[in-house]
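Now for the letters of each chain:
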Amino acid sequence: MTNTPSTAEVRVPRLVGLMAVDARESAARHGVLLVAPDLPDFRLAVTDYVVRQYPPPGTWIPRDAVVTVWFELGPGEGDGGAGVREPRRPAPPDGGLLRELDEPGRVSR
């Protein structure tokens, strides 16, 4: 573990995407404390991934202040708002680019 300079304020590290064990190590290196309200045995967690954090990365906070991390998505988060939604009904029309633009020398119908 590397020691950070003894300054009154530190920058919050980016913890989202890290496993619990890595998030704890990163927080210690940066001089902040972690809490996880949705993971009662946070000290023992190893492979759970951080999905949210507060305060956000890059924020200046007092040394030894608490950063809250979550390992589960909250209500309304991650409800499949993005991603592949195939097959589409009705299917898109055939033709691709030729349907959009006529070939040179060809008259539109």
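The preceding data block contains the structure.
Trainee: What is the right way to look at the sheet that holds strand β3 (residues 52-54) in this model?
Mentor: As a general point, the strands of a sheet are linked pairwise by backbone hydrogen bonds and lie either parallel or antiparallel. The mixed open sheet is built from 3 strands, whose spatial order is β2-β5-β3. Strands with a single pairing partner mark the edges of an open sheet, and in this sheet they are β2 (33-35) and β3. Each strand axis lies, on average, 30° off the axis of its neighbour in the sheet, ignoring direction. Where β3 and strand β5 (residues 66-70) come together, 3 bridges link them in antiparallel fashion.

Trainee: What is the right way to read the packing of aromatic side chains from this model?
Mentor: To describe a pair of aromatic rings, you give the distance between the ring centres and the angle between the ring planes. Under the counting rule described, the total for this entry stands at 1 aromatic pair. The interplanar angle of 40° and the centroid separation of 5.7 Å between the aromatic rings of F42 and F71 together place this pair among those described as tilted. Here F42, found in the loop between β2 and β3, pairs with F71, found in the loop between β5 and α2 (96-100); they are 29 residues apart in sequence, far enough to count as distant. Classification of F42 as buried rests on a relative accessible area of 9%. The cationic tip of R24 hangs over the ring face of F42; the distance from NZ or CZ to the ring centre is 5.3 Å.

Conventions we followed
- Residues numbered from 1 in each chain as written.
- Predicted model: local features only at pLDDT ≥ 70, side-chain atom pairs only at ≥ 80, totals over all residues.
- Heavy atoms only, no water.
- Pairing = 2+ DSSP bridges.
- Helix = DSSP H or I, 4+ residues; strand = E, 2+ residues; numbered from the N terminus.
- Axes fitted to C-alpha atoms, helices over the stretch in contact; angles between N-to-C directions.
- Phe/Tyr/Trp six-rings, centres within 6.5 Å; stacked < 30°, edge-to-face > 60°.
- Buried < 20%, exposed > 50% of the residue type's maximum accessible area, 1.4 Å probe, protein only.
- Lys NZ or Arg CZ within 6 Å of the ring centre and 35° of its normal.

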